[in-house]
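Each chain, written out:
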Amino acid sequence: MPEPLLEVTDLCVTFRSRRGAARVVDRLSFDLGEGEVLGVVGESGSGKSVSMMSLLGLIRDPNASVEGSARFRGRELVGMADAELRDLRGRDIAMVFQDPMTSLTPVYTVGWHLTEALRAHRRVPKAVARRRAVELLAEVGIPDPHRRLDDYPHQFSGGMRQRVVIAMGLANNPALLIADEPTTALDVTTQAQVLDLLRRLQREHGSSIVLITHDMAVVSQLADRVLVMYGGRAVEKGTRREVFHAPQHPYTWGLLGSVPRARAARVHRLATIPGSPPASALDAPPGCPFAPRCVHVHETCLQRPPLEGAGGHVDACWLPREDRAGLRRITAEQVAEDEVARVHDAAETVEEGIDR
Amino acid sequence: MLSFTLRRTASAVLVLFSISVLVFLIFFATPGVDPAARIAGRNADQATLRAVQHEFGLDQPLPVRYALMMKHLFVDRDLTSFVNRGVRVIPQITQAVPTTLSLVIGAAVIWMVVGIAMGTGAAAWRGRAADPVIVVLGVLGVSIPVYWLGEVVNLLTQSRLHDGVFSWVPPLGYVGITTDPLQWALHLLFPWLTLAALYAGIYARVLRSEMLGALEEDYVRTARAKGVSERRILLKHALRCSLIPVVSLFGLDFGALVGGSALLTEVVFGLPGVGRLTYTALQNLDLPVILGTVLYAAFFVVLANAVVDLGYAALDPRVRRA
Amino acid sequence: MSTSPADVAALAPRGQTRSRPSARGTRTAAQGPWRRAAVQLVRNRGALASAVVLLVVLVACLLAPVYARSVAHTDPFTSNVSGTTVVDGRTVPVLAPSTTGLGLGVTPIGPTGDPAHYFLGADNQGRDVMARLLYGGRNSLLIGAGAALTTCLLAGLVGVLAGYFGGVVDGVLARVLDVLWAFPVYLLAISLSVVLLTSGLDVGPVHIGAGSRWLPVLIIGLVYVPYVARPLRGQVLALREKEFVAAAIGVGCSDWRIMRRDVLPNVVPTLVVFLPLMVALAMLTESALSFLSVGVQAPQASWGTIINDGLGLLYTRPAVTLAAGVAVAVTAAALNLLGDGVREALDPRARLRGAA
C-alpha cells in the first residue's frame, strides 16, 4: 500500500481556560491518500475545523496546546517551527475557509491577492504572476478574467468570491487542499457549482482534498472516504459507500435521517436528533460523547467506546455489531414516537391556556 | 459622485452659516455686552458710537444686524479690531496663519510617525513587555494637560536646564521660515514636541485598538494560510486596513488645529498664531476679531470634514460605489 | 438491548427551555451581563489600580476641610502675605524678600515636607498650596463629574430620540449636532464662558449667577454632547433595523415601551463606557478654562486656577504649578485606564473615537 499523504495519529487540541482544560479535539486519527477526497462531517463544535487548523499551525491562541502526531509526506507537523510550517502553508497544503465575504482583505484587488499567493513562496516576476493569476481565474470559471483581476472583492458575488479563494488555494498546486465549509454560506445552486469546480480541479490537479462540512448531501457528492466527528472525536470512519449504505453509529443515523429526500414516496417527517451538542468541551460527559442524545444509551456508555470495526469501516459505539440495521430502524421509530408525544404535549398546553 | 460632492458642499455651506449665526448670537445678543462700544473702539466719542450704531443697524432687529455685520466682515472688509485701533481684522488673521501652520504641520509629522510606530509596535508585541509600556505612554499623552506640559518644558528649557543641556534653546517666540530657517526650527522644536506628545498618545491608542481588531479578522487568517510572513501580514494587511479610521481622524484633528485649536500651545510658547489671536480677542471681548477668528476656525473644521468624507473613498474601495 | 424511555429520560439533558436565547438582547444568560462585566473588570489589574488611585484622590479631596483645619491649620482662601511659619524649628516669614534675579519683590517659601507647615510651600499670596490643592481638587472633580453626567444624559436623550424616530426629528437633531461639533470645542467653551461669566444665565426658571460653578458644568457638558451623541445615534439607528425591534413593532408595542425595553438596555452600557472617559475629558477642559481664567473664578480654586496662579512663580517656585498639573494628570490617567477597563469588560468591540 502506498504511503498515505497525511497520517494523523491521536491528535489532541486542548484549550486552557480559567475554568479548566477543554479537549476540543480528542485523540483523532485518520489517513488520507494521494488524490483522495476525505469528507469530515460533524455539527458545530465537533472539532472538525480546529483539528485541521491545528495541522497548519493556524491556531494562534496562546492557551491552546496540540499533541499527537500528524505526518505529511513523512514530515511531522505537530511541533514544527512556524517558519517551516509557513513554507508548507499555501504551497504544499492550502486551506480555504467558509465565509467568502470576509476572507479577502477588502482594500486590495483580487489580482493583488492572487499574486501575493504566487509570490509568497517563489520569486516570480510580477508580470508572470499576473498572467498566471488570469489563468487561475479562468480555471475556476470567472468570466472576463483579465478585467476582473483589477476588481475588488466587494465587487464579486458570494459564489464568485469563493471561486477566487479556491483559485488562491490552488495557485501553487498544493498536494493537499483543506476546504472548511466552502459551500455553507452559499445558496444551493451556487453550492452545486462550487462542488463541481472542486471535483474538476481535483481530477485535473490530482490534489487530495479534506472537505469539512456539516452537510451529508455535500459529502455524498464529493467524498471518497468519510470521517464522522462528534464532541472532538471520530465516531465513524469508512468509504462513502460503506458509511452511506450501512452506517453503524447512531449519530450517523441521525445525520442521514435528517437529510431531506427529494424522491421520497410520500410526505415524510424530517427526523431530528433530539437534544443539542455540548455547549463547550468543558461540559463533555465521561465515556461516549453522544450518550446524552442517544436513544439506545445504557450503562456501558459511561465508558469511552473504542474505534473498532470490520475492514476499513470502523465506529465508536458499544451497541452489538450484528444488528445495527435493526437498531437503526428502532431508532427512527423511537424518534418519531417521541416527536408525536412532544407535539401532543404542546397541543395540550395550548388548549389548557385557551381554556383558562 | 458629482451629486454627492454638490450635496456635501451645500451641507458645508449651511453649517458655516449656522455657525456664523451662533457666534453672532453668543456675542451680540447677550445682555451685558455692548456691541457698539466694542466695534467703535476704546474711548470712542459719541459721534463715532452713533455712526457705528447706525452702520451696523444696532437699533434694528437681529437679522438685519446679522446681515450688516456679515457685510462689513466679508464685503467691505473694513472691520477693525477693538483692541488694536484701526487694524483690520482680516489681515490680522492672515498674518497669523503661517505661524499656526508651521506649528501644526511640524507637530503633525512628528505625532503621526511616532503614533503609528507606537500603535503598530503595541499590536505586534502584544502580550510582551513593550505593550503595556506603550499603552501607559499613550494614556499619559491623553491625560497630561497640554498647556501644563508646555509650561514644564519651558521650565526646563528656559530656566532650570537652560545653562546646561538646553543652552541652545532660544527664548519664546516665533521666527519666520523665510527669515531664518534654523531659528524657525529651533523656536518651534519644543512646541512641536509638546503638541505632538498629546496627539501621539491618542493615535497610538486608536491604532493599537484597530490593529488588534484587524488581526482577529478572517482576511488575516486567509493570509496566514497562504504562507505570508507575519511581518507582511502586520504591515500590509492589518495596518493598511487600520489606517483608514486613523487617517480620517487625522483629517479632522488637523483641520481643527489649523483653525486655532492649538491656542493653548501658542499661548504657552508665545507663538503669534491664530489661536493666540483668538484667545486675546476673547479675553478683551474684541468682538470683530472674535467673529473673524471663529469663522475662520469653523471654516477649516468644515473643510476638513468634507475632505475626510471625500478622502475616505480614496482609502476604502468599498465606499467608492456608494 | 434497547432501553426504556425512562432510562433515556434519566440520562438525557432536560429540554432546551432554560437556555433558549431571548430575542430581547440582554437578560437571560446564567450570569447577568453587568455581573459578568464587573467580574471581568475586577480581574483587570490596571483598572483596579486606577480605581484605587481615584478613590485615594477622592477621599483626600473630600477631607480638604479636615486637612486645612486640623493638619495645616491654615485657611487657604485668605491671603497671608505677612504671616510667618515654622521651618526646621526656625520662624520664617511666608513671603521672604527675593534673593534671586534683581532682588526685587518677594518669594514665597518652597516645599517644606512638613504637612503642618506649608507642605508644598506657599503661593504668591502666602496661602498653603497643599490645602488649596485639596480644595481645588473638589471643584475640579465636581465640575468634571457634573459635566460628564450632563453630557451623557443629554447625549443619551438626543441620540435615542434622533436614532429612534428618524425622519424630521433626526434631521434637525443631526444638523444641530453637526453645527455644534463644527465649532472647535475649546473655542466654543471659551466663547460661552467669556460671555456667560460676565452676565450669568437667566433663562426662564433657570437663574445662574455670574461666576457660579454651575456655568462650567453646563458649558462643558453641552460642548461635548455631539462627541457622545453621534456614535450613540448611530448605534440606535442600527438597533432599529434589528429583528427584535421590528418584531416588537409588529406586535404593537408602543414606542415608549420599545425604547425602554429594547433600546435603552443596549444604550446604557455604551454610556457607562463613555462616562469615565468623559469625566477625564471634562476635567482637562475645566482645567484649561480655569487656566485661561474663564473657568472657576476667584475666590474659588481648582487645579487649573492653581496652575495659572503658579505661572508667575514658575521659575522660582515650580512646585505650585507642578503639583497641580501632576494632580490633573494622575487623575485623568486613572480615569482613562479605568475607562479602558470598563470598555473591555462591557463591549470589547466598541469603537469610540472616529465613529461618526
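Throughout, a residue's number is its position along its own chain's written sequence, starting from 1. The naming scheme follows written order: chains are lettered A onward, ligands numbered 1 onward. With pLDDT at 70 or above as the cut-off, local features in this predicted model cover only qualifying residues; side-chain atom pairs require 80 or more to be listed or tallied, and sums for whole chains, interfaces and linings still use all residues.

**Structural notes on the overall build of chain B**
The helix count covers DSSP runs of H or I at least four residues long, the strand count covers runs of E at least two residues long, and both are numbered beginning at the N terminus. Secondary structure assignment for chain B yields 14 helices and zero strands. Remark: C-beta atoms are placed from the backbone, and a residue is labelled buried if 20 or more other C-beta atoms sit within 10 Å of its own, exposed if 12 or fewer do, or partly exposed between those counts. Within chain B, the proportion of its 322 residues that are buried is 43%. For chain B, the share of sequence-separated contacts (at least 6 apart) that also reach a separation of at least 24 residues comes to 69%. Each residue is represented by a C-beta atom placed from its backbone, and any two residues with such atoms within 7 Å are regarded as in contact.

**Focus on the pairing of strand 4 (residues 64-72) of chain A**
Residues and elements named next belong to chain A. Strand pairing requires that DSSP identify at least two bridges connecting the strands. Both strand 1 (residues 6-17) and strand 4 contribute to a ladder of eight bridges, which runs antiparallel. Looking at the pairing, T14 lines up with S65 of strand 4. Relative to strand 5 (residues 75-76), strand 4 runs antiparallel, the two sharing two bridges. Bridging from a neighbouring strand, R71 pairs with E76 of strand 5. What sits between strand 4 and strand 5 in their antiparallel hairpin is a turn of two residues, with R73 showing a positive phi close to 50 degrees.

**Here we look at helix 6 (residues 167-182) of chain C**
Since there are 3.6 residues in each turn of an α-helix, residues three or four apart along the chain are aligned in direction. To estimate how far a helix should extend, the number of its residues minus one is multiplied by 1.5 Å. Here helix 6 of chain C is 16 residues long and its end C-alpha atoms lie 22 Å apart, about the 22 Å a rise of 1.5 Å per residue gives. Every buried residue belonging to helix 6 of chain C is among L177(C), D178(C), V179(C), L180(C), W181(C) and A182(C), and all of these are buried. If you follow the buried residues of helix 6 of chain C, they end up packed against helix 1 (2-28) and helix 13 (287-315) of chain B together with helix 9 (225-240) of chain C.

**Here we look at the packing of helix 11 (residues 255-291) of chain C against helix 13 (residues 319-346) of chain C**
Residues and elements named next belong to chain C. Their axes nearest at 8 Å, the elements helix 11 and helix 13 cross at an angle of 165 degrees. Here helix 11 lies roughly antiparallel to helix 13, going by the angle between them. Once helix 11 is placed against helix 13, the crossing between them reads as left-handed. Each of P269, V272, V273, P276, L277, V279, A280, M283, L284 and S287 in helix 11 lies in contact with helix 13, whose residues at this interface are V328, T331, A332, L335, N336, L338, G339, V342, R343 and L346. The class makeup of the residues in the contact of helix 11 with helix 13 is 15 nonpolar, four polar and one charged. Every axis in this analysis is a line fitted to C-alpha atoms, fitted for helices over the stretch in contact. Angles between the N-to-C directions lie between 0 and 180 degrees. Oblique is the label for any angle not covered by the other classes, which are roughly parallel (under 35 degrees), roughly antiparallel (over 145) and roughly perpendicular (65 to 115). A crossing counts as left-handed when the near helix is turned anticlockwise from the far one by less than a right angle, and as right-handed when that turn is clockwise. Under the convention adopted here, Pro, Cys and the residues Ala, Val, Leu, Ile, Met, Phe, Trp and Tyr are nonpolar, Asp, Glu, Lys and Arg are charged, and Gly plus all remaining residues are polar.

**Describing unusual backbone geometry**
Residues and elements named next belong to chain A. Positive phi is not limited to glycine here, since D10 has a value of about 50 degrees. Summarising the element assignment, D10 is placed in strand 1. For D10, a count of 13 C-beta atoms within 10 Å gives the class partly exposed. One non-glycine residue, D144, lies in positive phi territory at about 55 degrees. Note on placement: D144 falls in the loop between helix 4 (126-139) and helix 5 (145-148).

**Some thoughts on the confidence of the model for chain B**
Any residue range with low pLDDT should be treated as having predicted coordinates unsuitable for detailed reading. Confidence scores per residue from the predictor, reported as pLDDT, run from 0 to 100. Averaged over every residue, the pLDDT of chain B is 82; the share at 70 or more is 89%. Across chain B, element-level confidence peaks in helix 9 (residues 218-225) of chain B with a mean pLDDT of 92 and bottoms out in helix 2 (residues 35-40) of chain B with 63.

**Re the confidence of the model for chain C**
All names here are of chain C. Averaged over all residues, the pLDDT of chain C is 78; the fraction at 70 or higher stands at 85%. With pLDDT under 50 throughout, residues 1-30 is counted as low confidence; its partners more than four residues away or in other chains account for 33 contacts. Counting contacts from residues 350-356, a segment whose pLDDT is below 50, to residues more than four positions away or on other chains yields twelve contacts.

**Regarding the interface of chain C and chain B**
Facing 36 residues of chain C, the contacting portion of chain B comprises 41 residues. Where the side of chain C that touches chain B is concerned, the elements lending two or more residues are helix 6, helix 7 (185-199), helix 11, helix 12 (303-311) and helix 13 of chain C. Here the side of chain C that touches chain B is built from residues that sort into 26 nonpolar, eight polar and two charged.

**So, the nonpolar core**
Working definition: the nonpolar core is a set of buried Ala, Val, Leu, Ile, Met, Phe, Trp, Tyr and Cys residues, joined through C-beta atoms within 7 Å. Membership of the largest hydrophobic core comes to 261 residues, with the highest contact counts inside it found for A167(A), V210(A), L211(A), V228(C) and M278(C). Residues contacting A167(A), with those up to four places away along its chain left out, are L114(A), L136(A), L137(A), E139(A) and V140(A).

**A few points about the sheet that holds strand 9 (residues 225-230) of chain A**
Residues and elements named next belong to chain A. The eight strands lie next to each other as 6-7-8-3-9-10-12-11, forming an open sheet whose pairing is mixed. This sheet does not close on itself; its edge strands, each paired only once, are strand 6 (93-96) and strand 11 (308-310). If you compare each strand with its neighbour and ignore which way they point, the axes differ by 20 degrees on average. Alignment of strand 10 (residues 233-239) against strand 12 (residues 313-315), held across two bridges, turns out to be antiparallel. The partner of K237 across the bridge, within strand 12, is V314.

**Details of the sheet that holds strand 1 of chain A**
Residue and element names in this part refer to chain A. If you trace the four strands from one edge of the open sheet to the other, you get 2-1-4-5, paired in antiparallel fashion. The two strands at the open ends of the sheet, each matched to only one other strand, are strand 2 (20-32) and strand 5. Helix-sheet contacts for helix 1 (residues 48-55) involve strand 1, strand 2 and strand 4, and the interaxial angle to strand 2 is about 75 degrees.

**Regarding the packing of helix 12 of chain C against helix 13 of chain C**
Residues and elements named next belong to chain C. Closest axis-to-axis distance for the helix 12/helix 13 pair is 8 Å, and the angle between their directions is 155 degrees. When the axis of helix 12 is compared with that of helix 13, the two are roughly antiparallel. Between helix 12 and helix 13 lies a crossing whose hand is left-handed. Taking contact as the criterion, the partners of W303, I306, I307, D309, G310 and L311 in helix 12 are, on helix 13, V320, T321, A324, G325, A327 and V328. In terms of residue class, the contact of helix 12 with helix 13 is built from eight nonpolar, three polar and one charged.

**Here we look at the pairing of strand 2 (residues 90-93) of chain C**
Residues and elements named next belong to chain C. Where strand 1 (residues 84-87) and strand 2 come together, four bridges link them in antiparallel fashion. Pairing of V87 across the sheet is with R90, part of strand 2. Between strand 1 and strand 2, which follow one another and run antiparallel, lie two residues, and D88 among them has a positive phi close to 55 degrees.

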